[in-house]
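Coordinate analysis (summary)
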Amino acid sequence: MRRRLGVLAALLVIGAAGTACGDDSSTSGGSSDAERVSIAITVADGEVSPSGDAVEVPVGEEVDLVVTADAPGQIHVHSDPEAELDYDGTGEAETFTLRIDRPGQVEVESHTYGTLIAKLVVS
Ligand SMILES: [Cu+2]
């Protein structure tokens, strides 16, 4: 599936190059100005929010999980490789930065409370 997309993309690139032959002024690929995704996660009195929201995340871009909790715990990110984020739960915001290099769906769970916090839709 991904390989076929890759071939398609390569064909499109060849087609584009044919029309702009010899013109190398287009330095493409700068996606650094993309809006950074930040997900605020709150844990209070054993309740975790959000609970299962789908969040669109660009592939390969950094994502901040900003955790504010009233007790220590752990967030589990079902990425590949997985990430286990231990937060201190001091009531102060704690920021964890992720980057997911592969398209797909990544679940962010609270293993402390057994809930789904968010689903990252990476594309
Ligand atoms: Cu998990």
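Residues numbered from 1 in each chain as written. Predicted model: local features only at pLDDT ≥ 70, side-chain atom pairs only at ≥ 80, totals over all residues.

**Some points on the overall build of the protein**
Across its full length, the protein holds one helix and nine strands. Going from N to C terminus, the protein has its helices and strands arranged as α-β-β-β-β-β-β-β-β-β. A burial count over the protein gives 15% of its 123 residues as buried. Taking the contacts inside the protein whose residues are at least 6 apart along the sequence as the reference set, 59% of them involve residues at least 24 apart. (Helix = DSSP H or I, 4+ residues; strand = E, 2+ residues; numbered from the N terminus. Buried ≥ 20, exposed ≤ 12 C-beta atoms within 10 Å, placed from the backbone. Contact = placed C-beta atoms within 7 Å.)

**Side note on the pairing of strand β6 (residues 83-87)**
The pairing of strand β5 (residues 73-77) with β6 spans five bridges and is antiparallel. Each residue of the ladder has a partner; that of I75, found in β6, is L85. Where β5 hands over to β6, the hairpin turn is made up of five residues, counted between the paired strands. (Pairing = 2+ DSSP bridges.)

**Regarding the sheet that holds strand β2 (residues 47-49)**
The sheet built from four strands is open, its strands ordered β2-β1-β4-β7 with mixed pairing. The outermost strands of the open sheet, each flanked by one partner alone, are β2 and β7 (93-99). Sheet twist, expressed as the average angle between the axes of neighbouring strands with direction ignored, equals 20°. Here strand β1 (residues 37-44) pairs with strand β4 (residues 62-69) via seven bridges, running parallel. (Axes fitted to C-alpha atoms, helices over the stretch in contact; angles between N-to-C directions.)

**A short note on the environment of G91**
Position of G91 among the secondary structure elements: in the loop between β6 and β7. Given 11 C-beta atoms within 10 Å, G91 falls into the exposed group. Setting aside its immediate chain neighbours within four residues, G91 contacts T68 and D70.

**Looking at the confidence of the model for the protein**
On average, the protein scores 82 in pLDDT, and the residues at 70 or more come to 72%. pLDDT under 50 marks residues 5-28. Its contacts with residues more than four places away, or in other chains, come to zero contacts. (pLDDT = per-residue confidence, 0-100.)

**Description of unusual backbone geometry**
With omega at 0°, the peptide bond leading from S49 into P50 counts as cis. For the bond running from D80 to P81, omega is 5°, close enough to zero to count as cis. Positionally, P81 belongs in the loop between β5 and β6. Although it is not a glycine, D45 sits at a positive phi angle of roughly 50°. Along the polypeptide, D45 turns up in the loop between β1 and β2. D45 sits in the exposed class, given 6 other C-beta atoms within 10 Å.

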